[in-house]
Amino acid sequence: MGATRVESRYTHNETFTNGLSVETIDDLTLGMMSGGVKRTWGAPGGLKLNVDAHVAFLLYNDRLELLSEQQLPAELSTIDPTPFNLSVLNSFGGGLGIGVEAPLGHGGVFFSAGARLTLGFMPADIINDPEDPEDGHDVNSPMHPLSVGLGVGYRLGG
């Protein structure tokens, strides 16, 4: 079981076949609650290797205020760049992790280090998009958070 909160600067560039290029920038907040199974190998009292498989519930900002910077070809230069907003939905993901544990003395205290990669997507709809009255998501952006951690733990029972 685990919980993670990540705040990051998110930049996305997209170029369309008509030459229109759009860059969107936002501060993205991602919360992730995960659970899974872990398999550990190693001798008691020695260095241990562990591998885990997990599922995660990905929680995003409800709404992203995106600053849009449009780079237009010369024949479309009269169009003004406009900011637009996205309504974002939460989603699920899954992934794998790998780590090591090393005992610190003989009292059940241990040092741990590991990395986990979660594969998921961020579904979103452009708010008040006059060109898209259809159902479905306007954006289904890949989100693959990689978390790296160091820690100290205590194992009950030594």
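Use the structure listed above.
Residues numbered from 1 in each chain as written. Predicted model: local features only at pLDDT ≥ 70, side-chain atom pairs only at ≥ 80, totals over all residues. Heavy atoms only, no water.

Some words on the overall build of the chain
Going by this rule: Note on conventions: DSSP H or I runs of at least 4 residues are helices, E runs of at least 2 residues are strands, and numbering of each starts at the N terminus. Throughout, exposure labels follow a simple rule: accessible area from a 1.4 Å probe, protein chains only, divided by the maximum for the residue type, with under 20% read as buried, over 50% as exposed, and the rest as partly exposed. Contacts between residues were defined by any pair of non-hydrogen atoms, one from each residue, lying within 4.5 Å.
What the chain contains, in helices and strands, is zero helices and nine strands. Helices and strands in the chain line up, N terminus first, as β-β-β-β-β-β-β-β-β. Per-residue burial over the chain gives 29% buried out of 158 residues. Long-range contacts, defined here as pairs at least 24 residues apart, represent 62% of the contacts in the chain between residues at least 6 apart.

Structural notes on a nonpolar patch on the surface
The cut-off we apply is this: Patches here: salt-bridge-free residues with over 30% relative accessible area, like charges joined within 9 Å, nonpolar side chains (Val, Leu, Ile, Met, Phe, Trp, Tyr) joined within 5 Å. Shrake-Rupley sampling with a 1.4 Å probe provides the accessible areas, and residues are treated as covered by the protein chains on show and by no other component. Basic side-chain nitrogens of Lys or Arg form a salt bridge, by our definition, when they fall within 4 Å of a carboxyl oxygen of Asp or Glu.
A cluster of nonpolar residues, Trp-41, Leu-47, Leu-49, Val-51, Ile-98 and Val-100, forms a patch on the protein surface that exposes about 520 Å² of accessible area. When contributions to the nonpolar patch are tallied by element, the ones reaching two or more residues are strand E3 (48–60) and strand E6 (91–103). Assignment of secondary structure puts Leu-47 in the loop between strand E2 (21–41) and E3.

A few points about the nonpolar core
Inclusion rule: Throughout this description, the term nonpolar core refers to a set of buried Ala, Val, Leu, Ile, Met, Phe, Trp, Tyr and Cys residues connected via side-chain atoms within 4.5 Å.
Grouped together as the largest cluster of nonpolar side chains are 11 residues: Leu-28, Leu-30, Met-32, Ala-56, Leu-58, Tyr-60, Leu-86, Val-88, Met-122, Ala-124 and Met-143. Every element with two or more residues in this core is listed here: E2, E3, strand E5 (84–88) and strand E7 (109–126).

Considering the pairing of E7
The criterion, for reference: Think of it this way: DSSP has to see at least two bridges between two strands before they count as a pair.
Examined bridge by bridge, E6 and E7 share 10 bridges and lie antiparallel to one another. By the bridge assignment, Ile-98 is partnered in E7 with Ala-115. Counting the residues in the hairpin turn of E6 and E7 gives five residues, including Gly-105, whose phi is positive at 85°. One ladder, built from five bridges, connects E7 with strand E8 (residues 139–143); its direction is antiparallel. Paired with Phe-121 across the strands is Pro-142, a residue of E8.

Section: the packing of aromatic side chains
Aromatic ring pairs are reported here in terms of the distance separating the ring centres and the angle at which the planes meet. Test applied: Here is the rule: rings of Phe, Tyr and Trp (six-membered ring for Trp) pair when centre to centre is within 6.5 Å. Planes less than 30 degrees apart are stacked, more than 60 are edge-to-face, and the remainder are tilted.
Enumeration according to the criterion identifies one aromatic pair in this entry. An angle of 45° between the planes, with centres 5.1 Å apart, marks the rings of Phe-57 and Phe-92 as tilted. Highlighted residues: Phe-57 in strand E3 and Phe-92 in strand E6, separated in sequence by 35 residues. The class for Phe-57 is partly exposed, based on a relative accessible area of 26%.

By themselves, these figures tell us nothing about what the structure is for.
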